[in-house]
Amino acid sequence: MKSIHLQIRFLVPLLVTLTVAALLALPLLDRMTLRWFSRDLSARGSMVAKTLSLAISDIEPNAKLDRLRGLLERGVLDERLVGIALCSATNEQILSTKGFPTSLTCQEARTIARQQDPRLELASGAVHIGDFPVNTQQADSDRLVLLHDLSLPDRRSIDTRRYMIIFITLLGLAVAGITMVVAQLSWRGWVSGMRAIMRGEGLVRPLLQTGGGGTDSAPPELQPLEVEIRQHLRELEDNLYREHGPLTPWDPERLRGLLRTQLRGDQVIVVSNREPYIHLRGADGIHVSRPASGLVTAVEPVMRACSGTWIAHGSGNADQETVDEHDRVAVPPDTKDYVLRRIWLTKEEEEGYYQGFANEGLWPLCHVAHVRPVFRESDWAQYRAVNQRFADAVVAEARSDDPVVLVQDYHFALLPAMVREKLPNATIITFWHIPWPNPESFGICPWRRELLQGMLGSTILGFHTRFHCKNFTETVDRYLEARIEHEHSTISYQGEPTLVQSYPISIAWPTDEERVAWPAPTEARRAVFERLGLAEGTCLAVGVDRFDYTKGILERLHAVERLLEKYPQWQGRFVLVQVAAPTRSALDEYREFQDRIHRVTDRINLQYGQGSYKPVLLLAEHHDHAALMELYRAADMCVVTSLHDGMNLVCKEFIAARDDEQGVLILSRFAGAARELPEALVINPYHVEETTDALHRAATMPPQEQRERMASLRMTVREFNVYRWAGRMLADAGQWRLRERITRRVQRRSREGSEATTP
Ligand code: ADQ
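Just so it is clear, the model here is predicted, and its values are computed rather than measured.

1. Quick look at the packing of helix H10 (residues 347-366) against helix H11 (residues 377-397)
Here's step 1: Where H10 meets H11, the closest approach of the two axes is 8 Å, and the angle between their N-to-C directions is 110°. With respect to H11, the element H10 is oriented roughly perpendicular. Viewed along their axes, H10 and H11 form a crossing whose handedness is left-handed. Residue-level inspection shows Glu348, Glu349, Glu351, Gly352, Tyr353, Gly356, Phe357 and Leu362 of H10 in contact with H11, the latter providing Asp379, Trp380, Gln382, Tyr383, Val386, Asn387 and Arg389.
Here's step 2: Looking at the contact of H10 with H11 residue by residue, the classes come out as 6 nonpolar, 4 polar and 5 charged.

Following this line, the structure appears as C-alpha cells:
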C-alpha cells in the first residue's frame, strides 16, 4: 500500500510534466509543419511557374491573351492550385483564372507573397500566395501569382497534431510504466539494502562472497551512504547504551537473584579487618561513622543486597556498648539489612597483627612504593593468632558446613586454610584488594611459603587485574610444589584446587533516588567556592585519598608547583583541594610522610600564594559521603596519582558523580583502574613534567571533549559496577559448588554400589 502511494506521488508529477511538455510542443509543431508546407508550396509554385513561363514564352504575341488564359486555366486543373494571375512589372493584372479572387490586386498579392507566412484567408478557405517572374533573366519581367489551397496542409497539420498527441500519451504511459517497474525494483533493493545495513550484515556478506577479500558490501547505490548510515546508527546505539546501560545490568536485584538460584540462598559470611560501621562516643552521645576505605565502599552494597554476617574488628570506642551478648549488631542503622559481628583485639594484637605485620610488612611488600617492608617475629605471631581468632569466629557463625565465606584482603592471608580445616565443604572466596608483586619482591617475606599455603586454602582467589594473577601464580610456582593449570587458571596444592581469577572491583552506581538528592553542579560549585573562599573563575582540581604514601600525594604537589612555574597564567587561578583521610597515623612511616606533605604544601603556598589565594588546600580530615560528592561535582578535574594501587575507587566515584558529563580525570597508569578507563588522561606520576602537562591540558580541555571522554567513562563504570564484581565471583562459586555436589554424589553412589556388590 505504501509503495503504491509512493508511486502515485512519483507518477503524478511525471504526467503533469508530460502534459505541459505536450502543450508547449504542439504549437511549435504546428508552426514547424506550416513552415515545411509553405516551403513545399513555394518550391512547387516555383516549378509550376517555370513550366508556365516556358509555355508563355512560346506563345505568339498576337494570340497571346487567349492562349495565355487557356494555358493558365489548364494550370489550375491541378486540384491544389486555386487560381493564377499574370501581373505586369507595374502590378497591373494582365489576366487571371476564374478562381483568382477579383478583389485581390496584384499589388496586395505580391506584398503578401513576400511575407514569412504568405497566407491569405478567403471566404472559401485559406490560400498560400506565391509570386514568380515569368522571365528570370529580365528585371522588369511580368510575374505569375499562384494561389495554392491551404486546406490540405491544414488538414495534414491537424492529423500530425493528433498523431503527436497519441504518440506523446503512449510515450508518457510507457515511460511511466517503465519508471514504476524500475522504481518498484529499486525501492525493494533500497529497503532490503538498508535493512541489511541496519542488521550489520554488510560486514559478513563480502567475506562469504569473496572469500574474505572485500569490505564494501551494501548494494552499489547505497554504498556512498553506507558509512554514514552505520555511523549514525552507531551514534544512536551509543547514546541509547549511555543512557540505559547494558540490557541486563548488574544491580542488587540481579545479585539477590543469583544468590537465590546459583547459591540456593546459602549463608554468606564476610571477613575483613575494617568494619563497615563504627560507633563512636562524642560529646553529644554515640554516633555512627563510615570509615574511609575502598574495601568497605565495595563490599557494603553487596552485603546489603545479600544479607548475611560480616565479621570485623570492632575498633570504635562505643562499639562494645552497641552489640548484643553475641557481639552482634544489625546494620545499617536505618535498614538493618545484615549482621555485623565484632571481634575485639587487644592492644598487642592490634599492634602486631594490624599495624606491624599487615601495614608495615605486607602493605609495603605488595606496593612498589619504595618504602621498605619490616617483618618482625612477634608481629608474625600476632598475625597468625588473630587470623585464627577470626577463623574460629567464621566457624562459630556458620549455620551449615558449607557457607560461602568472603575473605577480604591482606590482613587474612592465613585464614582460608584455617577455615578449610574446620569446614572442608565451605566455599571460600578470598579477594586481595592490593597489588601482588613479582616473585622476587615477594620473596623478601620470611614467611612467604606459609602465606601462600594459607591463601591456597581458598576455593577462589581474586585479584583486580590479570597482571596480579600472573604475579601470584609465578610466586607460587617459585616457592611451592603445586600443580598449575594455566588454561583453567587453577593451582592445585596438596590435591585441593584453587581458581585464580581477576575480578576488577568497582562502586555501586548511584540510584535515581540518590542522584535526586545531589546538588546541581553549579550549586555544588557555588557552595564549595564559598566554603573554601575560592575566587570566581578559579580552576579547581581535587584529590581524595587516605593519607597514604602509596597514593602519590607528594608527586601531585610537585606537579602543581611545576604547573605554576611552567604555565604562570595559572598563578592565582589554579587550586588543588587535597582531601586526605587520616590513616595509620600510629606508624612512623605514615607520620613522617604526612608531616612532609604539610611542609611541601606550606612551601608551595608561600611561594605562589597571594593574599587569600593559596594554590594548595590540604584538608587532612575525614569527609562524609555527601561532602565528597559535592566536591566531585564542583571540581574541574580529579587527580589520582597513585604510585601503585590495586584498583582505586576514588576515580570511579568522581565519574559516577559527574552526571553532567563534565570534568576531567587524571589517572595514574599504576592504578588498576587505568586498564579499564583509557579515556582518562593517563599519566606516570613519577614523571613530574608529564603530570604537569596533564594538569594544564585538563584545565584547558574544551567542554565537548570533556563530554565525550566522561560519557564513555560513565558507561564503563555503570556497567562494570560492584554488583558485577561480586556477581561474577559468586557465580563462579556457584558453579564450583555445583560441581563439588555432583562429584560428592557420584562418589557416594559408587561407594554404595561397591558396598552392595561386596559379599
Ligand atoms: P584504598 O587504599 O582505601 O582501598 P581507594 O580504592 O581509593 O583506596 O578507596 C578509598 C575510599 O575511601 C574511597 O571510597 C574514598 O571515597 C574514601 N575516602 C578517601 N579519602 C576520604 C576522606 N578524606 N574522607 C572520606 N572518605 C574518603 C584498597 C586498595 C585499592 C582498592 C580498594 C578496593 O588500596 O586499590 O581499590 O581497596 O578494593
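Additional details are given in the paragraphs that follow.
2. A look at the pairing of strand S6 (residues 268-271)
Here's step 1: Burial along S6 is two-sided: the face carrying Val268 and Val270 and the face carrying Ile269 and Val271 are both buried.
Here's step 2: One ladder, built from 4 bridges, connects S6 with strand S12 (residues 404-408); its direction is parallel. Its bridge partner lying in S12, Val271 is registered against Val407.
Here's step 3: Sheet analysis places S6 next to strand S9 (residues 309-313), joined by 3 bridges and oriented parallel.

3. Considerations on the environment of Pro685
Here's step 1: With respect to the helices and strands, the residue Pro685 is situated in the loop between strand S23 (681-683) and helix H22 (688-699).
Here's step 2: For Pro685, the residues in contact, after removing those within four places along its chain, are Glu555, Thr641, Ser642, Leu643, Ser668, Phe670 and Thr691.

4. A short note on helix H19 (residues 588-608)
Here's step 1: Taking 1.5 Å per residue, 21 residues should reach 30 Å; H19 reaches 30 Å between its end C-alpha atoms and fits that length.
Here's step 2: Tyr590, Phe593, Gln594, Ile597, Val600, Thr601, Ile604, Asn605 and Tyr608 are the residues of H19 that are buried. Taken around the axis of H19, the buried residues stretch over an arc of 135°, which confines them to a single face. Residues of H19 that are exposed and point more than 90 degrees away from the buried face comprise Glu592, Arg599, Asp602, Leu606 and Gln607.
Here's step 3: Check the buried side of H19 and you find it contacts H10, helix H18 (553-566) and strand S20 (616-619).

5. A short note on the packing of aromatic side chains
Here's step 1: In this structure the tally under the stated criterion is 24 aromatic pairs.
Here's step 2: Both rings, one in Tyr549 and one in Tyr590, keep their centres 5.1 Å apart while their planes meet at 50°; by these two values the pair is tilted. Residue Tyr549 is found in the loop between strand S18 (539-546) and H18, and its partner Tyr590 is found in helix H19; the two are separated by 41 residues along the sequence.
Here's step 3: Summarising the aromatic geometry, the rings of Trp570 and Phe574 are spaced 6.4 Å apart at their centres and angled 70° between planes, so their arrangement reads as edge-to-face.
Here's step 4: Trp570 gets classed as buried once you look at its relative accessible area, which sits at 5%.
Here's step 5: Overall, the relative accessible area of 0% leaves Phe574 in the buried class.
Here's step 6: Each member of the aromatic cluster is reached from another via a ring pair, and the members are Tyr353, Tyr354, Phe357, Phe375, Trp380, Tyr383, Phe390, Phe412 and Trp447.
Here's step 7: Here the guanidinium or amino end of Arg254 rests over the ring plane of Trp250, the centre of that ring lying 3.8 Å away.
Here's step 8: The ring of Trp363 is capped by Arg584, whose NZ or CZ atom sits 4.2 Å from the centre of that ring.

6. Side note on the side chain of His433
Here's step 1: Looking at the secondary structure, you find His433 in the loop between strand S13 (427-431) and helix H13 (439-442).
Here's step 2: In terms of polar contacts, His433 uses its side chain to reach the side chain of Gln408, at 2.6 Å.
Here's step 3: What His433 contacts, discounting residues up to four positions off in sequence, is Leu295, Gln408, Asp409, His464, Ile505, Gly646 and Trp725.

Cut-offs applied
Residues numbered from 1 in each chain as written. Predicted model: local features only at pLDDT ≥ 70, side-chain atom pairs only at ≥ 80, totals over all residues. Heavy atoms only, no water. Axes fitted to C-alpha atoms, helices over the stretch in contact; angles between N-to-C directions. Helix = DSSP H or I, 4+ residues; strand = E, 2+ residues; numbered from the N terminus. Parallel < 35°, antiparallel > 145°, perpendicular 65-115°, else oblique. Left-handed = near helix turned anticlockwise from the far one by under 90°. Contact = heavy atoms within 4.5 Å. Nonpolar A, V, L, I, M, F, W, Y, C, P; charged D, E, K, R; others polar. Buried < 20%, exposed > 50% of the residue type's maximum accessible area, 1.4 Å probe, protein only. Pairing = 2+ DSSP bridges. Expected span 1.5 Å × (residues − 1). Arc of directions from axis to C-beta. Phe/Tyr/Trp six-rings, centres within 6.5 Å; stacked < 30°, edge-to-face > 60°. Lys NZ or Arg CZ within 6 Å of the ring centre and 35° of its normal. Polar contact = N/O pair within 3.5 Å; in protein donor to acceptor, adjacent residues only side chain to side chain.

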